[in-house]
Every structure is written in structure tokens, then in C-alpha cells.
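Coordinate inspection notes
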Amino acid sequence: MMQWPQLLTPQRLGKSQPEDLSLARTPFQRDFDRLIFSAAFRRLKDKTQVFSLSQNDYVRTRLIHSLEVASVGRSLGRIVGEQIVAEHQLAITAADIGDIVAAACIAHDIGNPPFGHSGEDAIRSGFDFWQQQHPNLDLTTAQRLDLEKFEGNAQGLRVICRLEIPHRRGSLQLTCPTIAAFTKYPRASDVPAGTGRSTQKYGFFQADQQLFAEVATAVGLMPGTAGLSWCRHPLTFLVEAADDICYSIVDIEDGYQMGFLTFAEVVALLNPIAQLDLTKSDGAEPELVTHLRAKSIDILVREAAHNFLAQEQNILRAEFDQELLSLSSYHEALQAIHGKARSAIFQQPQVVGVQIAGYEVLAKLFTEFANALIQPHNTKSNLVLQMMPATHRPQPGENTYQQLLHVTDFISEMTDSYATRLFQQFSGISLL
């Protein structure tokens with residue numbers, strides 16, 4: 001059974017001793033600040049949430065989404081923390097738990113490539129097509145799966161633990177509780193998926209397996225497959241709930257602002273949760289939509305916190321592995337929201353069209369850079385490699401897997417605009 005004192009240790013990855021909890025700015029606050037000031041976080045300002053390269057200045061980017069998720073996550077952490085700290089007489093405060101969840105939330109999309117989730121699939125497709133042209137690649141089965149199933153979640157762990165400050169072990173050197181709470185899928189790509197929520201994807205590449213093993217050991221996660229998988233950190237369920245609450249509700253608000261949903265449709269979707277008496281309000285429709293969004297989020301936050309506390313012992317024994325929102329009394333309303341978002345928003349031509357373009361952009365970039373890495377002695381390859389930052393260029397003695405990770409590292413960190421511009425240059429469409 002996992003224990004809260006160890007789960008919340010202020011031990012940093014890459015440091016030998018835990019940090020002092022009595023400092024004015026706590027270790028978990030510093031985690032949040034390090035992430036906010038990171039280059040990888042800043043790039044989220046130009047990465048797709050739903051609407052890529054949108055001409056509407058209202059809709060959310062991944063950066064705004066991450067800030068909103070962190071706000072919700074902090075509330076969830078503090079509500080849960082009040083009871084956990086009191087019951088277990090912990091040395092930390094409820095605010096500390098809120099800060100851990102908020103830091104994990106602020107980082108939850110930090111590894112996502114351009115063009116949203118379709119960008120992940122574009123990298124997978126790009127590698128799959130490329131390896132068909134190079135069938136004799138020197139890759140182990142596990143290394144090949146890392147690329148065939150490329151995951152923004154695993155890339156995020158790589159960003160915060162290896163890439164942001166590459167010369168320093170642990171990179172940002174966040175606390176182990178924050179890193180563990182961030183890792184929604186604590187397993188390697190070659191561990192078969194199970195029925196639990198935490199096994200549906202993978203959370204670290206083979207190259208970063210040892211780093212996560214150190215984190216899991218430090219916080220006392222219960223192991224699954226030896227050295228390849230663990231149970232979730234309990235606070236991960238709150239990180240996931242914060243993300244789920246935000247994208248479920250705000251997608252509807254964005255859809256309304258983009259003109260894809262009518263006011264009546266928004267009311268039908270959100271008021272079963274918010275339960276507002278709109279006949280008593282004289283506000284304009286956009287104001288009422290904002291009120292519906294805010295009230296729905298507040299209700300779902302309080303319910304998710306209640307459900308977490310009800311399942312606390314099962315979570316600590318690693319006997320609970322579901323989304324907290326799957327326990328919601330508003331589950332039916334949330335399903336209706338997801339269905340409407342798919343049909344009225346995600347299938348809009350401007351959304352689908354950009355996703356299709358993303359496949360073309362990222363597949364070409366993967367091919368160009370991968371070819372340059374394995375054929376480094378011709379003129380074009382040398383020129384292509386000059387487009388990569390020095391930290392992403394091949395180093396002497398690196399194997400094929402390590403070289404290909406340079407490609408996915410570089411492509412993943414790109415913004416939508418930069419990837420599009422580079423694609424146009426490589427295609428001869430633009431010279432600037």
C-alpha cells in the first residue's frame with residue numbers, strides 16, 4: 001500500500017537530498033515556476049488545442065488550456081488536501097498538495113507536437129512510412145514501438161526530465177511527486193495495455209525508463225511489470241480530472257464563440273450540470289454562457305474531489321484505475337457533451353482540414369530530418385541538419401534510436417506556425 005508521506009516527499013530528480021519544506025517558496029511552488037518560465041511552456045501559445053492557426057482571437061490555445069487546467073487542478077488538490085493532511089497528520093499543507101497538482105497540470109500538454117492529437121498520429125504515420133523505405137533499421141522491438149506508437153505524454157516526460165536543460169541530470173529537476181503526478185500512463189511502450197485507465201497509453205520512452213524508475217522509487221509507487229510499469233501516483237487522478245473537466249466544458253464555450261453551437265444548444269448541454277434558473281438573469285447570451293461554464297466546472301470539481309476521497313484507500317492500494325469523471329452523477333450529461341463536441345465542432349471542415357494538413361507537414365518534416373540523420377554525408381543532408389538546433393543534431397557514437405529521438409524531439413517542440421513555415425521552405429513554396 002502506498003503511503004502519503006513518501007508520495008509527497010520533496011525529493012527532486014537529480015538531487016541527492018530532499019528539499020526544505022519550511023522555505024518561504026516551497027519546493028512545489030518552485031516546480032510550478034520552473035515550468036511557467038520554460039521555453040517548452042511558452043511554445044504552447046502557438047499549439048493547437050482544437051482550432052489550429054485560428055483567426056478568432058477568443059478560442060483557446062494549448063497554453064491557455066494548460067493554465068485553466070492548472071487552476072482547476074489547484075482547487076482539486078486543495079480540497080482533497082484539507083482532508084488528507086488532517087487525517088494522516090502530514091508535514092505538508094493542503095496548499096502544497098494543490099501546488100503539486102497545479103504544477104503537474106501546467107505541464108500536462110508540454111510534450112504535445114504541433115496540430116494537436118493529430119500531430120501525434122502524423123509522427124506515427126511519418127515513421128511508419130519512413131521505416132518501410134528503410135526496412136533494416138537497427139532498432140529493438142521496444143525502441144520501434146516507441147516510434148510506432150509515438151506519445152505526447154512520453155515526450156512531455158522527456159521534456160521536463162531531459163530536454164529543457166539538457167546538460168543537467170533531471171533537466172528542470174522537478175520534485176518527484178510532481179513528475180509522478182504528471183505521468184498519467186506509468187508504463188513503457190512494450191507493456192501490453194490492460195483494462196485500467198492508466199494502461200491505455202504509455203508514459204515514457206525506453207531512453208527515459210531509468211529516469212522514471214528513479215521517480216517511482218522515490219515516491220513509492222507500487223510496481224507492475226518489473227522495471228517497466230507502475231501504478232499511478234494518487235494525485236494523477238486529480239490531474240486527469242482537471243483536464244477532463246476543462247476540455248469537456250470549455251470546448252462547448254469555444255464552439256459557441258466560433259458559431260458552431262447556438263445558445264439554446266449550449267443551455268441544453270451545460271444546464272443539466274449547472275442547474276441555473278436562466279429566467280432570473282437579464283445578462284446577454286455570451287455572459288450567460290460564461291456563467292454556465294463557470295458553474296458547471298465548480299460543480300464537477302467538488303464532485304470529483306468527493307469521489308477521490310471516497311476512493312482514497314482503493315487508490316492507495318492500487319485497486320482503483322478509472323477516470324474520476326466516470327463516477328460522476330453527471331456522467332450522462334458529459335457523454336452528451338462529448339458527442340455534441342465530436343459532431344458539431346471536431347468534424348467542422350476548418351478543424352478537419354488543418355488536421356489533414358498537419359499530416360502532410362509533419363510527415364514531410366520527419367522524412368527530411370530522418371533522412372538527413374542517416375545519410376549525413378551529402379550536401380542536402382548537411383543543409384537540413386543545419387536547420388536543427390545544436391542540441392538535436394546527431395552526436396558521435398549515437399545509435400539509430402537515439403538519432404531518431406532527435407527528430408521527434410525537434411518536431412514535437414515546434415509550434416504550428418513554425419512547422420508550417422519550415423514545411424513551406426522544404427517544399428519550395430516559400431523562401432522565408
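All of the points below concern the structure found in this document. (Residues numbered from 1 in each chain as written. Predicted model: local features only at pLDDT ≥ 70, side-chain atom pairs only at ≥ 80, totals over all residues. Heavy atoms only, no water.)

We now examine the overall build of the protein. Helices and strands together make up the secondary structure of the protein, namely 19 helices and 0 strands. Over its C-alpha atoms the protein spans a radius of gyration of 22 Å, differing by no more than 12% from the 22 Å that the globule rule assigns to 432 residues. In terms of overall dimensions, the protein has a C-alpha envelope of 70 × 50 × 40 Å along the principal axes. Each of the 432 residues in the protein was classed as buried or not, and the buried ones make up 55%. (Helix = DSSP H or I, 4+ residues; strand = E, 2+ residues; numbered from the N terminus. Rg over C-alpha atoms; globule rule 2.2 N^0.38 Å. Buried < 20%, exposed > 50% of the residue type's maximum accessible area, 1.4 Å probe, protein only.)

Right, let's talk about the packing of helix α4 (residues 62–88) against helix α5 (residues 94–106) for a bit. Running from N to C, α4 and α5 cross one another at 150°; their axes reach a closest spacing of 7 Å. Taken together, the axes of α4 and α5 lie roughly antiparallel to each other. Every pair of crossing elements has a handedness; the one defined by α4 and α5 is right-handed. Seen from α4, the contacting residues are Ser66, Leu67, Val69, Ala70, Gly73, Arg74, Gly77, Arg78, Gly81, Glu82, Ile84 and Val85; seen from α5, they are Ala94, Ala95, Ile97, Gly98, Asp99, Val101, Ala102, Cys105 and Ile106. Across the contact of α4 with α5, the residue classes tally to 12 nonpolar, 5 polar and 4 charged. (Axes fitted to C-alpha atoms, helices over the stretch in contact; angles between N-to-C directions. Parallel < 35°, antiparallel > 145°, perpendicular 65-115°, else oblique. Left-handed = near helix turned anticlockwise from the far one by under 90°. Contact = heavy atoms within 4.5 Å. Nonpolar A, V, L, I, M, F, W, Y, C, P; charged D, E, K, R; others polar.)

Since the α-helix advances by 3.6 residues per turn, residues separated by three or four positions end up pointing in the same direction. Over its 22 residues, helix α11 (residues 236–257) extends 31 Å from the first C-alpha to the last, a length consistent with the 32 Å expected when each residue adds 1.5 Å. In α11, a bend of some 25° at valine 250 exceeds every other bend along the element. Taken across its 22 residues, α11 has 20 buried, putting it largely inside the fold. Looking one or two places after α11, you find glycine 259, whose phi comes out positive at around 85°. (Expected span 1.5 Å × (residues − 1). Bend = angle between axes of the 7 residues up to and from the residue.)

The next thing to look at is the nonpolar core. Counting residues in each nonpolar core, the largest one holds 102 residues, and the members touching the most others are Ile160 and Phe308. With residues near it in sequence (within four places) discarded, isoleucine 160 still touches Leu35, Ile110, Gly170, Ser171, Leu172, Gln173, Leu174, Ile179 and Phe182. Counting residues in hydrophobic clusters, the runner-up holds 33 residues, among them Phe115, Leu365, Met388 and Tyr401. (Core = buried A, V, L, I, M, F, W, Y, C linked by side-chain atoms within 4.5 Å.)

With that out of the way, let us pick up the packing of aromatic side chains. Per the stated rule, a full pass over the model turns up 11 aromatic pairs. Here the aromatic residues Phe369, Phe410, Tyr418 and Phe426 are joined through ring pairs into a cluster of three or more. The residue whose ring lies beneath arginine 74 is phenylalanine 32, and the NZ or CZ to ring-centre distance is 5.1 Å. The cationic tip of arginine 232 hangs over the ring face of phenylalanine 237; the distance from NZ or CZ to the ring centre is 5.0 Å. (Phe/Tyr/Trp six-rings, centres within 6.5 Å; stacked < 30°, edge-to-face > 60°. Lys NZ or Arg CZ within 6 Å of the ring centre and 35° of its normal.)

Turning next to the state of the cysteines. For the coordinates displayed, the defined rule picks out 0 disulfides. In this structure cysteine 105 is a free cysteine whose sulfur lies 8.0 Å from that of cysteine 246, the closest cysteine sulfur available. The exposure class of cysteine 246 is buried, given its relative accessible area of 2%. (Disulfide = S-S within 2.5 Å.)

A few words on the pattern of salt bridges. Applying the stated rule across the entire model yields 24 salt bridges. Residue lysine 184 pairs with aspartate 243 through a salt bridge whose shortest N-O separation is 3.8 Å. Of this pair, lysine 184 sits in the loop between α9 (176–182) and α10 (209–219) while aspartate 243 is found in helix α11, placing the two residues 59 residues apart along the sequence. The two residues lysine 184 and aspartate 243 agree in class, both being buried. (Salt bridge = Lys/Arg side-chain N within 4 Å of Asp/Glu carboxyl O.)

The next thing to look at is unusual backbone geometry. With a phi angle near 50°, glutamine 173 is a residue other than glycine that sits in the positive phi range. Mapped onto the secondary structure, glutamine 173 falls in the loop between α8 (152–163) and α9. Judged by its relative accessible area of 5%, glutamine 173 is buried. In this structure, glutamine 275 is a non-glycine residue whose phi angle is positive, near 55°.

This brings us to the packing of helix α6 (residues 116–133) against helix α7 (residues 141–148). Relative orientation of the contacting elements α6 and α7 amounts to 130°, with a least axis distance of 8 Å. Our classification of the angle between α6 and α7 gives oblique. Counting all contacts with α6, which are made through Arg124, Phe127 and Gln131, the residues of α7 involved are Arg144, Leu147 and Glu148.

Spanning 18 residues, α6 covers 27 Å between terminal C-alpha atoms, matching the ideal 26 Å at 1.5 Å per step. Among the residues of α6, those classed as buried are Gly116, Ser118, Gly119, Glu120, Ala122, Ile123, Arg124, Gly126, Phe127, Trp130 and Gln131. If you follow the buried residues of α6, they end up packed against α4, α7, α8, α16 (349–374) and α18 (400–413).

With that settled, consider the side chain of asparagine 271. Its location among the elements puts asparagine 271 in helix α12 (residues 263–274). Taking the relative accessible area as the measure of exposure, asparagine 271 reaches 17% and is therefore buried. Ignoring any residue separated from it by four or fewer positions in sequence, one finds asparagine 271 in contact with Val266, Leu276, Leu278 and Leu292.

By secondary structure assignment, the location of valine 219 is in helix α10. Remark: the alpha-carbon pair of valine 219 and arginine 25, spanning 194 residues in sequence, is separated by 21 Å. What valine 219 contacts, discounting residues up to four positions off in sequence, is Gln6, Leu7, Thr9, Cys176, Pro177, Ala180 and His233.

As a further point, take the environment of valine 301. As for its position among the elements, valine 301 is in helix α13 (residues 285–310). Judged by its relative accessible area of 7%, valine 301 falls in the buried class. Counting along the chain gives 228 residues from valine 301 to glycine 73, while the straight-line C-alpha distance between them is 8.7 Å. Ignoring sequence-local partners within four residues, the contact set of valine 301 consists of Val72, Ser75, Leu76, Ile79 and Ile245.

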